[in-house]
Amino acid sequence: MTIDIISPIGMPPAGYTTTDIITTTMPIAQFWPAEPQFQAGMTLFRLNRSKGSGEYLDLLEHYGFNIGMPVEVAFLADNFPTDTFANTYGESFLQKATDVVSQASGEISQMMGAQNASEAVKNMANALKKSKSTIGQGIGGAVDTAHSAMGDIFSALAPEGTMRGSAKQTMNQMLAGARIDFPQVWKNSGFSPSYTMTVRLYNPNPASLESTEKYIIGPIVALMLLGIPRTQDGSTYNWPFLHQIKAPGIFNLDPAFISNITVVKGGDQQSIAWNQRLGVVDVRIDIGSLYNSMMAGMDDDPFRPNVQQYIDGMKEEFEVFSGTFYGEPDGANSTNPTLASAETVTGQTIEPVDTESAAPSRVSSDSQNLYAALAARNSSEAGGLA
């Protein structure tokens, strides 16, 4: 026997005045589990929703639960979806090619007080020729001869007033440590959707195992199966389901994946009943896109993020939910509602809570008797001292 999970998962219990507010304000996301299917072309594969949804429902039934497709999740708007579009620019190959002069060469030109390589070589030759060392004077003469020959070669190859002459002057300055600042060029673009949703599960009756299974255990299992690896033999595991995930009017990720699922038992309020069954559970889900970029063009690929898909996602709207959340009390829509007991709640079967008898004590009767005896003895001893 399987237990049907109420969808959307995460809707709080309905009350006399809150039902309409709940249905019109809580954002709802839809998950379609899918399997990758190879496709010739640059996209490599496409998502097969039919196969993935079938395997997902089989797994969920194996654990004793059932839910309709798509899996609809009502989440708290504490971290609303954020899209980041980034462009990266960097230096071109021309910038790298012109940065050929070492740091030492530029520093030597500065110490020589030279603005170009010819002037730096000439100053170095003059300094060496003034040296008292015979070797220094000889090196200075050789450098001076090389400088004159280099000047003759430059003049022959690149006469002044020509384009080559201008290039010679630029190269002369670059050899002395001068730099050219070329404009940066585009390197890459990125698309980073940051979507984190918190799904809050409520248990209206922690004393009831049926209620706990239906409103806590079942929804947790349904959400876990969306993002945990699967096994075929019980020892090895492979990839979890991929998804198409959309919140009509807010976002549409196709293809998408779940990067993280965090289950906070008791929630931020630490809501745990006296019998240690959970009253509230917060499930935080992080999702992302399989692609790192979004494209714009006249011929958009419908199987990857593009501007048209982005626009269509914001045009959609979610149909107002017409079911019941944990059941609606009788008289919820009347002007003078009649308070409902647990037996009159419709849309679910919950064992009524016995409010006449106290909850069973977590302290044994022997411990209670021992405490009473010690308290009586302390009281009598205090009276004797008085």
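This one's a predicted model, so the numbers in the text were calculated from it and none came from an experiment.

### A few points about the overall build of the protein
Each helix and strand counted, the protein has 10 helices and 10 strands in total. A total of 386 residues make up the protein; the buried ones form 33% of that total. Residue pairs at least 24 apart in sequence account for 67% of intrachain contacts in the protein once pairs closer than 6 positions are excluded. Carbon and sulfur atoms make up 56% of the accessible area of the protein, which totals about 23,300 Å².

### Observations concerning the packing of aromatic side chains
Scanning the entire structure with this criterion turns up four aromatic pairs. With centroids separated by 5.3 Å and ring planes inclined at 15 degrees, the aromatic side chains of Phe85 and Phe191 adopt a geometry described as stacked. Highlighted residues: Phe85 in strand S6 (residues 82–90) and Phe191 in strand S7 (residues 185–202), separated in sequence by 106 residues. Take Phe191: its relative accessible area is 4%, and that puts it in the buried class. Geometrically, the ring pair formed by Phe85 and Tyr310 is edge-to-face, given 5.9 Å between the ring centres and 80 degrees between the ring planes. Taken as a pair, Phe85 in strand S6 and Tyr310 in helix H9 (residues 307–315) lie far apart in primary sequence, 225 residues in all. On the accessibility criterion, Phe85 (47% relative accessible area) is partly exposed.

### Considerations on the side chain of Arg200
Looking at where Arg200 falls in the secondary structure, it is placed in strand S7. Residue Arg200 is classed as buried on the basis of its relative accessible area, which comes to 15%. A distance of 2.7 Å separates the side chain of Arg200 from the side chain of Asp282, its partner in a polar contact.

### So, the confidence of the model for the protein
Taken over all residues, the pLDDT of the protein has a mean of 75, while the share at 70 or more is 62%. Averaged pLDDT values for the elements of the protein fall to 54 in helix H6 (residues 134–157) and rise to 94 in strand S4 (residues 65–66). Confidence drops under pLDDT 50 across residues 328–351; counting only partners more than four residues distant or on other chains, this segment forms 37 contacts.

### Concerning the environment of Ile180
Inspection of the secondary structure puts Ile180 in the loop between helix H7 (163–174) and S7. Residue classification places Ile180 among the partly exposed residues on the basis of a relative accessible area of 27%. When the C-alpha atoms of Ile180 and Leu94 are compared, they prove to be 9.4 Å apart, with 86 residues separating the residues in sequence.

### Remarks on the side chain of Lys246
Note on placement: Lys246 falls in strand S8 (residues 242–247). Judged by its relative accessible area of 11%, Lys246 falls in the buried class. Engagement of the side chain of Lys246 in a polar contact is seen with the side chain of Glu316, the distance being 3.0 Å. Beyond its immediate stretch of four places on either side in the chain, Lys246 contacts Ile28, Ala29, Gln30, Trp32, Phe251, Asn252 and Glu316.

### Thoughts on the pattern of salt bridges
Throughout the structure, instances matching the rule amount to four salt bridges. Between Glu55 and Arg230 there is a salt bridge, and its shortest N-O distance comes to 3.0 Å. With Glu55 in helix H2 (residues 49–62) and Arg230 in the loop between helix H8 (209–224) and S8, this pair connects stretches of sequence that are 175 residues apart. Residue classification places Glu55 among the partly exposed positions, given a relative accessible area of 30%. We classify Arg230 as buried; its relative accessible area is 10%. Glu316 is paired through a salt bridge with Lys246; the nearest N and O atoms lie 3.0 Å apart. Here Lys246 lies in strand S8 and Glu316 lies in the loop between H9 and helix H10 (365–385), a separation of 70 residues in the sequence. Here the salt bridges share partners, and the residues they tie into one network are Glu35, Glu55 and Arg230.

What counts, and where the lines are drawn
- Residues numbered from 1 in each chain as written.
- Predicted model: local features only at pLDDT ≥ 70, side-chain atom pairs only at ≥ 80, totals over all residues.
- Heavy atoms only, no water.
- Helix = DSSP H or I, 4+ residues; strand = E, 2+ residues; numbered from the N terminus.
- Buried < 20%, exposed > 50% of the residue type's maximum accessible area, 1.4 Å probe, protein only.
- Contact = heavy atoms within 4.5 Å.
- Areas by Shrake-Rupley, 256 points an atom, 1.4 Å probe, with all protein chains shown as cover.
- Phe/Tyr/Trp six-rings, centres within 6.5 Å; stacked < 30°, edge-to-face > 60°.
- Polar contact = N/O pair within 3.5 Å; in protein donor to acceptor, adjacent residues only side chain to side chain.
- pLDDT = per-residue confidence, 0-100.
- Salt bridge = Lys/Arg side-chain N within 4 Å of Asp/Glu carboxyl O.

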